[in-house]
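What follows is each chain in one-letter form.
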Amino acid sequence: MANIVDFKKMDKTIRIFGVVQIALVALLVFMAVEFQQKLRMLGREYRFMHGVLAAFAFQMLLFFPIFKLAGKDADRDLSVMGGTLTSAEMNAVAKKKRFSDIIKIALLGFFVVFATAAPPDPFILSVIYYSFILTILTYLQCYNFHARKLKEQVKAGRK
């Protein structure tokens, strides 16, 4: 890249995502304790670890698509920061952003519908909740990873 890229927006996004991740981890721990107490009151405390493992398995299935989506989002954001895009390229970037947003909204909708349709069993709700929060955390982590990696590549290419 011949032009100078201003990384202030990307750095701000990385910092915001970091703060959100801290809040989500705190929320995840709080709700895990709550679900554990509910399962203990029902005499099914052994199901707590089953729920954690089920959410982990579901997260492993979603990891690669989330990793790819976050990488494309970070790459798209970096290309916009370059500032040398034509109007046709900006339209293509806007179309990619809309598609990415549709995917994220569809995933949110899936979890909302799944949670409302699920029976009010603490075990099932805990798996849904853990999977939802872990999906968001995975996306944020992957975005930050790709953004930092792209930032280093651009800086190394400039030197």
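Residues numbered from 1 in each chain as written. Predicted model: local features only at pLDDT ≥ 70, side-chain atom pairs only at ≥ 80, totals over all residues. Heavy atoms only, no water.

*Asks:* I keep staring at the confidence of the model for the protein chain and nothing clicks. Help me out?
*Replies:* Summing up the model confidence of the protein chain, the mean pLDDT is 90 and the portion of residues at 70 or higher is 95%. By mean pLDDT, the top-scoring element of the protein chain is helix α1 (residues 8–41) (94), and the lowest-scoring one is helix α3 (residues 87–117) (91). (pLDDT = per-residue confidence, 0-100. Helix = DSSP H or I, 4+ residues; strand = E, 2+ residues; numbered from the N terminus.)

*Asks:* Before we go on, may I ask you to explain the layout of surface pockets in this structure?
*Replies:* Over the atoms rolls a probe the size of a water molecule, and in doing so it shows where empty space is left. If you add up the space inside the largest pocket, you get close to 370 Å³. Contributing to the lining of the largest pocket are 14 residues, with Lys104, Leu107, Thr135, Ile136 and Tyr139 lying nearest its centre. Every element with two or more residues in the lining of the largest pocket is listed here: α2 (47–82), α3 and α4 (122–158). It is α3 that contributes the most residues to the lining of the largest pocket, 6 residues altogether. (1 Å grid on protein atoms, 1.4 Å probe; cavity = no way out; pocket = protein on both sides within 12 Å on 5 of 7 lines; lining within 4 Å. Points joined across faces, edges and corners; volume = space filled by probe spheres on them.)

*Asks:* I would appreciate a short explanation of the environment of phenylalanine 132 in the present structure.
*Replies:* One can find phenylalanine 132 in helix α4. The spatial distance from the C-alpha of phenylalanine 132 to the C-alpha of histidine 50 is 16 Å, given a sequence separation of 82 residues.

*Asks:* Honestly, a nonpolar patch on the surface in this entry has me stumped. Any pointers?
*Replies:* Together, Val25, Val29 and Val33 make up a nonpolar patch on the protein surface, roughly 230 Å² of accessible area in all. Along the chain, valine 25 falls in helix α1. Judged by relative accessible area, valine 25 falls into the partly exposed class, the value being 41%. (Patch = residues over 30% accessible without salt bridge, like charges linked within 9 Å, V, L, I, M, F, W, Y side chains within 5 Å. Areas by Shrake-Rupley, 256 points an atom, 1.4 Å probe, with all protein chains shown as cover. Salt bridge = Lys/Arg side-chain N within 4 Å of Asp/Glu carboxyl O. Buried < 20%, exposed > 50% of the residue type's maximum accessible area, 1.4 Å probe, protein only.)

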